[in-house]
Amino acid sequence: SPGTVLETHCTRRQNISHIRFILIQNRAGKTRLAKWYMQFDDDEKQKLIEEVHAVVTVRDAKHTNFVEFRNFKIIYRRYAGLYFCICVDVTDNNLAYLEGIHNFVEVLNEYFHNVCELDLVFNFYKVYTVVDEMFLAGEIRETSQTKVLKQLLMLQSLE
Amino acid sequence: MPAVSKGDGMRGLAVFISDIRNCKSKEAEIKRINKELANIRSKFKGDKALDGYSKKKYVCKLLFIFLLGHDIDFGHMEAVNLLSSNKYTEKQIGYLFISVLVNSNSELIRLINNAIKNDLSSRNPTFMCLALHCIANVGSREMAEAFAGEIPRILVAGDTMDSVKQSAALCLLRLYKASPDLVLMGEWTSRVVHLLNDQHMGVVTAAISLITCLSSKNPDEFKTCVSLAVSRLSRIVSSASTDLQDYTYYFVPAPWLSCKLLRLLQCYPPPEDGAVKGRLVECLETILNKAQEPPKSKKVQHSNAKNAILFEAISLIIHYDSEPNLLVRACNQLGQFLQHRETNLRYLALESMCTLASSEFSHEAVKTHIETVINALKTERDVSVRQRAADLLYAMCDRSNAKQIVAEMLSYLETADYSIREEMVLKVAILAEKYAVDYSWYVDTILNLIRIAGDYVSEEVWYRVIQIVINRDDVQGYAAKTVFEALQAPACHENMVKVGGYILGEFGNLIAGDPRSSPLVQFNLLHSKFHLCSVPTRALLLSAYIKFINLFPETKATIQEVLRSDSQIRNSDVELQQRAVEYLKLSSIASTDVLATVLEEMPPFPERESSILAKLKKKKGPGAVSVELEDGKERGELNGGGDRGGDAAIAASNASTPSPSADLLGLRSTAPVSGTTPSAGSLLVDVFSEAGPSATSAGVNDDGFLSSAPPTVASEDPAPPLPESDELLNKFVCKNNGVLFENQLLQIGIKSEYRQNLGRMYLFYGNKTSVQFVSFNTTVSCPGELQSQLNVQTKTVEPLVEGGAQVQQVINIECLTDFIDAPLLNIKFRYGGALQNISLKLPVTINKFFQPTEMAAADFFQRWKQLSQPQQEAQKIFKASHGMDTEVLKAKLLGLGTALLENVDPNPENYVCAGVIQTKAQQVGCLLRLEPNAQAQPGEQMYRLTLRSSKDTVSQRVCDLLAEQF
């Protein structure tokens, strides 16, 4: 209820702001990555996935890359047929997360040599590794593409 | 095929994924999956031990199947096995499976923790990171218990690799958020703060999130971070665009770290140290200057990164609210963005300016952009941008521009998106009232509001206009005239009929001199709407009619005729029928004097703030907000802390309509309607209640409109325990875990463990809704003599429970001596503004402190005989309320905490048990015998329960508790 949104502001504190989840979905609503940083049960996750798809896909290039979402907001960007969405607290820095997405996408692109949707499907277990290198516990862990890629290549070489 | 499927590519997995992708239907997919599951199951069950590669492949397939949305109920053990592999790829899949699929309650947690422990001590940075990521992803209490002590050590150790430090910092953050009581920073504080100086920017980036969280909780302990953050920021801001190499993003040096540093500073007031403050102001000026420089790249990434820092800097400037120069510069910068071609920037500028409008230093500067903002409200394509524009107009409104802004908002309302209409309506209503110089403008505005957006006008709004009209005799005639005109419209909103009915009923006489609005014309106009209205409105109209009879005796016959008609006097709605009957009677038998007394003009409402403002005041504590909101500061508050304009308004409408559940909790025990005449009986109260017939809407009325006391004051004290709390208590006599309580909002789960005379109970408070609980507070108390019998200690819980989240509370219990009563648990929180207040009995019963005692038959009977004094025995004979299933009975007796002694009682049907109750003062040996007559017909089955112990109170209490269990 909107009343509680207000309460969010009264009691707002820095430490509650963090990424709640990261979703990669295609236009048809198929999830290509779901990374949760908050406890949700499976039904709730499914509901969130559907809601995010519904609010994001109706928007076009003239719209902002931000959508209010429940008591949070979604920062998203579309790359070809994929929507990269990050759900954060309403007080979080929109542009920092918007570029956080792009930074992540550039790493994926480099790592998979021109990443496409299928790379994320067949290598889903590696995508989690990339995410964990760059975002951990709902916070930004590492932003240097050079450092992340170096680490990923090192891991790639391990058997 | 993907580019990176070298080395570790799992062919079988790729083939399987291809197969799934090629499935033409859901059925085909399920078939293929079932085939695969059968295959994997047989491999896992097979005699041949699987090699690491196969295990990895199958676990990975299971994970894929799970991510497709299918349940996976096996393979966990194999995944755990992978953790101890020394191959990275196998370990990684194991950890991934666990992070995604294993919930914190899993029995495997011990094995998992063991593997994590090994990896943490392996000194292999790759393995350490995997283990830390797993902890950060799962973040369970068990993991916090196992590792909260170890991770700070890893974080600050001199020989820890940078990447491990990054993971350790965020891992610790996760554990701190989940179980703050277990993460003790004490001795590490200073070394953690100094990570802000670390050479490695990645370490700083990760560590600062941890430091920000810790600082916001313990600002004093971490305040040294301020100067460190300022100098780090200063170094970044003054560096050239290529200095930071890896950490330069599209020519912007370390944008994310800069934002995080600026955000950390927002946990603190401006630095006291002049040098530090000077340096910080310099940084902020540099950031503002850079915004004016020509861009180093045309790429949007460049400007986004740069502006991310700029907006964060502006947030800090607003947070300090002490540097007029910076505030005005920030405002000018945002003003430029208002016209930027990037929608994102326009949106963010509107949002940020909204908070600037609340600062006395920048309020005037914000006002200069009014035309741009109005234009945005009219022309922006994205509704969320228009919404921000509306918020900003609201925030920048003061006496000087109120008429313009209200007019613009009203005209926007005609075409506004449905999603924001209600909020807009509230904003208009608030502004119209707040800045009304002449009340005819106010009345016009509100009636326009009802005309344009009647569906979105909450009760709150039309109650308020009536309240004001009643209290201002200079506007009553105007109001009657205006509303009379508004009602002429062929289709007018029901809310207009309500306002019309009320105002004409009270003040119709003021315009009755004009033949165009003679009493009968007024009545006919109102009555022409009657049949289109809902029951509550009709009820209100009936009240208006009886008032007409008093005001205009010449209408009496006509109105009596109406009341007497079958459609009124035999109305199927009880309330309407009753009103018709009573009003008819009243008008027939009461003398003119009596009628005039009964239907006297409503007395003025006690002068008080609009409930919208009352809500704000309550938020800030009495005295913090004056009613006359002239200066900028308070405008900010109206604006919900400055971020989102309409929240306050919406919250206000919420405040006046408590949910039905709130009503059940006794919120209606507020002061009765004030100001009615002394002779007023219940009928009178009824006559004057505008909200209509049903009990619930009358309740709404009491709370929001007619009573000045805040509705929740009456129930701030802990509520008495729920009637069912004894029953709930009984549920837990023989078990330690389960759900203690559940309603529509809240679920409380319990896990408890006891050893000797000590117990630890974990309470899990789950927010079942999708919105936050605030002011969440729980207290445990020991009433009466229990105080000296039990020692109960609790840690306070976080005052905020996110929607869908669960918070945990630990309760430590020490049994000093035997006891009978249970401790009381009181839970209070606000949900959507309404106070919830629940009291329960905490299921701590004397039997929890049993130590089972095994003994042979001879021993048992010897002790039994020793305890033969009459007061040492307690006995009950009672009917079985459940079946007499042997296994169930045994399980219950074991759950009681005693040892169940086999082959002791000569009658095999009987059960005997023995245990010692451990209290700090003494130990009480206790023997038990339960004799069922299992052969009896169902319905006549009985038990005889006998307890003997060395203490009479114990025998009695255990007997009482146990008798409820069968």
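Check the entry above for the structure.
This section reports on the structure supplied with the text. Please read all numbers here as calculations on a predicted model, not as lab measurements. (Residues numbered from 1 in each chain as written. Chains lettered and ligands numbered in written order. Predicted model: local features only at pLDDT ≥ 70, side-chain atom pairs only at ≥ 80, totals over all residues. Heavy atoms only, no water.)

## Re the interface of chain A and chain B
Keep this limit in mind: By the convention used here, residues are in contact when the closest approach between their heavy atoms is within 4.5 Å. Two parts lose some accessible area (1.4 Å probe) when they are put together, and adding that loss for both gives the buried area. Note on definitions: salt bridges are taken to be side-chain nitrogens of Lys or Arg within 4 Å of carboxyl oxygens of Asp or Glu. Pairs of N or O atoms within 3.5 Å make up the polar contacts considered here, provided that, within protein, one atom can donate a hydrogen while the other can accept it, and that residues adjacent in sequence are counted only when both atoms are side-chain atoms. A run of DSSP states H or I qualifies as a helix once it reaches four residues; a run of E qualifies as a strand once it reaches two. Both are numbered from the N-terminal end. Under this grouping Gly is polar, as are all residues other than the nonpolar Ala, Val, Leu, Ile, Met, Phe, Trp, Tyr, Cys and Pro and the charged Asp, Glu, Lys and Arg.
Facing the 80 residues of chain A at the interface are 97 residues of chain B. Across the interface of chain A and chain B, roughly 7700 Å² is buried in total on both sides, 55% from carbon and sulfur atoms. The tally of links from chain A across to chain B stands at seven salt bridges. With a shortest N-O distance of 3.9 Å, Glu802 of chain B and Arg20 of chain A are connected by a salt bridge. On the surface where chain A and chain B come into contact, there are 27 residue pairs in polar contact (both at pLDDT 80 or more). Here the side of chain A that touches chain B takes ten residues from helix α3 (residues 94-111) of chain A, the largest share from any one element. In terms of residue class, the side of chain A that touches chain B is made up of 27 nonpolar, 29 polar and 24 charged.

## Concerning the sheet that holds strand β10 (residues 834-841) of chain B
Within a beta sheet, neighbouring strands are joined by backbone hydrogen bonds and run either parallel or antiparallel to one another. Residue and element names in this part refer to chain B. The condition that has to hold: Strand pairing is assigned whenever DSSP detects at least two bridges linking the two strands. Helix axes are fitted to C-alpha atoms over the stretch in contact, other axes to C-alpha atoms as well, and angles between N-to-C directions run from 0 to 180 degrees.
Taken together, the three strands give an open sheet; going across it, the order is β6-β9-β10, and neighbouring strands pair in antiparallel fashion. Only two strands of the sheet have a single neighbouring strand rather than two, namely β6 (773-781) and β10. Neighbouring strand axes in the sheet, compared pairwise and without regard to direction, differ in orientation by 15° on average. Where strand β9 (residues 824-831) meets β10, eight bridges bridge the pair, whose relative direction is antiparallel. Counted as the bridge partner of Phe829 is Gln836 from β10.

## Considering the sheet that holds strand β7 (residues 790-794) of chain B
Residues and elements named next belong to chain B. The strand order β3-β4-β5-β8-β7 describes an open sheet built from five strands, whose pairing is antiparallel. Each edge of the sheet is formed by a strand with only one pairing partner; in this case those strands are β3 (738-742) and β7. With strand direction ignored, the average angle separating the axes of adjacent strands in the sheet is 25°. The pairing of β7 with strand β8 (residues 806-815) spans five bridges and is antiparallel. Bridging from a neighbouring strand, Gln793 pairs with Asn812 of β8.

## Side note on the side chain of Asn847 of chain B
Residues and elements named next belong to chain B. Spelled out, the test is: Each residue's exposure class comes from its accessible area (1.4 Å probe, protein chains only) as a fraction of the maximum for that residue type: buried when under 20%, exposed when over 50%, partly exposed otherwise.
With respect to the helices, strands and loops of the structure, Asn847 is situated in the loop between β10 and β11 (850-852). Judged by its relative accessible area of 2%, Asn847 falls in the buried class. Looking at Asn847, its side chain comes within polar contact range of the main-chain oxygen of Leu896, at 3.1 Å. What Asn847 contacts, discounting residues up to four positions off in sequence, is Val733, Gly895, Leu896 and Leu961.

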